[in-house]
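Observations on the model geometry
Each chain is listed here by its residues.
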Amino acid sequence: MSSATRTLISPATLARPRGKAIYWTVFTGVVLLFALAFLFPVYWMVTGAMKSPDEVAQTPPTLIPHHWHLTGYTDAWDLMQLPQHLWNTVVQAAGAWAFQLVFCTAAAYALSKLKPAFGKVILGGILATLMVPAQALVVPKYLTVADLPFIHTSLLNDPLGIWLPAVANAFNLYLLKRFFDQLPRDVLEAAEIDGAGKLRILWSVVLPMSRPVLGVVSIFALVAVWQDFLWPLMVFSDTDKQPISVALVQLSQNIQLTVLIAAMVIASIPMVALFLVFQRHIIAGISAGSTKG
């Protein structure tokens, strides 16, 4: 016997012209409200940089600028040295992404498919680090980076000071392991019968099948470095090497508010573009982690 699905509005009501009209009116209104809630702050920030300094500070605020000025963006690009700091951020984010992807993927593959001794204990210890507040790890990380054990060298004012700590990401490692656990065993066994070693299976079989989750981990890794403030502030005392998140604060003194808002808009463009380009992979990665292939 098939059970009927209970809904807020019955199918018979939706089949009527009045029911359809009410449904689509409510649906459209809810979608527009959510879109307005998410897009209005972006509009406010983008147009705020196009106002005059007096207009952006006036009360009550104006919804549409009286006069559109693009000088805020050009001044932000030149006065706040955005090209240099954006490049610093790209280098730091790209290095952290590469290190994290290589080491987290290798560790997750080993814990999932190679079944090392005390693997569950090791995984439990890794996941236990998620319970430690990030602020509690700042001082030990700084002391380690300032005087690297065994080789006694400093990684301050060096991109390695960002890259190496980013490798230890328990959440992304666990995300990868859970995905590897759900890969079809028949495919891996077939590759092993054909004579492929563990490393060859990882490179030729596992990684091509793991593109969705690798895309999700990549987004997480890049966004984490791009928006981080406290750790880059401690690592980079040299202003010329600071990323955009730190430079916006350090260089905001004696800068007009419109110029600062314009700099924030420019700094957010790469991450917005990254999400729009890879949103299909993000959705695929999230859905792939919930089903067995």
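Our subject is the structure that appears above.
Residues numbered from 1 in each chain as written. Predicted model: local features only at pLDDT ≥ 70, side-chain atom pairs only at ≥ 80, totals over all residues. Heavy atoms only, no water.

**Describing the side chain of Thr62**
Selection rule: Helix and strand labels come from DSSP, where a helix needs a run of H or I of at least four residues and a strand needs a run of E of at least two; each type is numbered from the N terminus. Polar contacts here mean pairs of N or O atoms no more than 3.5 Å apart (in protein, one a potential hydrogen donor and the other a potential acceptor; neighbouring residues in sequence count only if both atoms are side-chain atoms). Note on contacts: a residue pair qualifies if any of its non-hydrogen atoms lie within 4.5 Å across the two residues.
Take Thr62: it is sitting in the loop between α3 (53-57) and α4 (71-79). At a separation of 2.8 Å, a polar atom in the side chain of Thr62 contacts the side chain of Glu55. Look past the residues within four positions of Thr62 in its chain and what remains in contact with it is Trp44, Lys51 and Glu55.

**Quick notes on a nonpolar patch on the surface**
In plain terms, the rule: Residues form patches when they are more than 30% accessible in relative terms and have no salt bridge. Like charges link within 9 Å. Nonpolar side chains (Val, Leu, Ile, Met, Phe, Trp, Tyr) link within 5 Å. With residues, only the protein chains shown are counted as cover, and all accessible areas are computed by Shrake-Rupley using a 1.4 Å probe. In what follows, salt bridge is the name for a side-chain nitrogen of Lys or Arg lying within 4 Å of a carboxyl oxygen of Asp or Glu.
A cluster of nonpolar side chains, Leu36, Phe40, Tyr43, Trp44, Leu63, Ile64 and Trp68, forms an exposed patch at the surface whose accessible area comes to about 710 Å². Turning to its location among the elements, Trp44 is positioned in helix α2 (residues 17-48).

**Description of helix α11 (residues 198-209)**
To be explicit about the condition: What a helix is expected to span follows from its residue count: subtract one and scale by 1.5 Å.
Taking 1.5 Å per residue, 12 residues should reach 16 Å; α11 reaches 15 Å between its end C-alpha atoms and fits that length. Tucked inside the fold, the buried residues of α11 contact α5 (82-114), α9 (170-181) and α10 (185-193).

**Digging into α5**
Note on helix geometry: an α-helix contains 3.6 residues per turn, so any two residues three or four positions apart are oriented the same way. Under the 1.5 Å per step criterion, the end-to-end length of α5 is 46 Å for 33 residues, consistent within 8% with the ideal 48 Å. Lys115, located one to two residues past α5, shows a positive phi value of around 50 degrees.

**Considering the packing of aromatic side chains**
Applied cut-off: When two rings of Phe, Tyr or Trp (its six-membered ring) have centres within 6.5 Å they constitute a pair, described as stacked for plane angles under 30 degrees, edge-to-face for angles over 60, and tilted for the intermediate range. Whether a residue is buried, partly exposed or exposed follows from its accessible area with a 1.4 Å probe, protein chains only, as a fraction of its type maximum: under 20%, in between, or over 50%, in that order.
Scanning all chains against the criterion turns up 7 aromatic pairs. With centroids separated by 6.5 Å and ring planes inclined at 80 degrees, the aromatic side chains of Tyr109 and Phe180 adopt a geometry described as edge-to-face. Within this pair, whereas Tyr109 is found in helix α5, its partner Phe180 is found in helix α9, the two being separated by 71 residues in sequence. With respect to burial, Tyr109 and Phe180 carry one shared label: buried.

**Some details on unusual backbone geometry**
For the bond from Thr59 to Pro60, the omega torsion is -5 degrees, close enough to zero to count as cis. Tracing the sequence through the fold places Pro60 in the loop between α3 and α4. At Gln81, a position not held by glycine, the phi torsion is positive, near 50 degrees.

**Remarks on the pattern of salt bridges**
Counting across every chain of the model gives 2 salt bridges. Residues Asp181 and Lys177 are paired through a salt bridge, measuring 2.8 Å at the closest nitrogen-oxygen approach. One end of the pair, Asp181, and the other, Lys177, are both in helix α9, 4 residues apart, so they sit about a helical turn from each other. In this structure Lys177 comes out as buried when scored by relative accessible area, which is 12%. Across the salt bridge formed by Lys198 and Glu192, the nearest N and O atoms sit 3.9 Å from each other. Accessibility expressed as a relative area gives 43% for Lys198, which makes it partly exposed.

**Quick notes on the packing of α9 against helix α12 (residues 211-227)**
Inclusion rule: Every axis corresponds to a line fitted to the C-alpha atoms, with the helix fit spanning only the stretch in contact, and the corresponding angles, defined between N-to-C directions, vary from 0 to 180 degrees. For classification purposes, an angle smaller than 35 degrees is called roughly parallel, one larger than 145 roughly antiparallel, one from 65 to 115 roughly perpendicular, and anything else oblique.
Put simply, α9 and α12 touch, their axes get as near as 10 Å, and they point 175 degrees apart. Taken together, the axes of α9 and α12 lie roughly antiparallel to each other. When α9 is examined against α12, the residues Phe171, Asn172, Leu175, Leu176 and Phe179 are found in contact with a partner set consisting of Val213, Leu214, Val216, Val217, Phe220 and Ala221.

**Thoughts on the packing of α5 against helix α8 (residues 160-167)**
Geometrically, a packed helix pair is captured by the angle between its two axes and the distance between the axes. Selection rule: Less than a right angle of anticlockwise turn of the near helix away from the far helix marks a crossing as left-handed, whereas a clockwise turn marks it as right-handed. By the convention adopted, Pro, Cys, Tyr, Trp, Phe, Met, Ile, Leu, Val and Ala count as nonpolar, Lys, Arg, Asp and Glu as charged, and the other residues, Gly among them, as polar.
Between α5 and α8, whose axes approach to 8 Å, the crossing angle comes to 30 degrees. Taken together, the axes of α5 and α8 lie roughly parallel to each other. Considering how the two elements wind past one another, α5 and α8 form a crossing that is right-handed. Taken together, the residues of α8 that come into contact with α5 (itself represented by Val91, Gln92, Gly95, Ala96, Phe99, Gln100, Phe103 and Cys104) are Leu160, Ile162, Trp163, Leu164, Ala166 and Val167. Of the residues contributing to the contact of α5 with α8, the split by class is 11 nonpolar, 3 polar and no charged.

What is shown is where atoms sit, not what they do.
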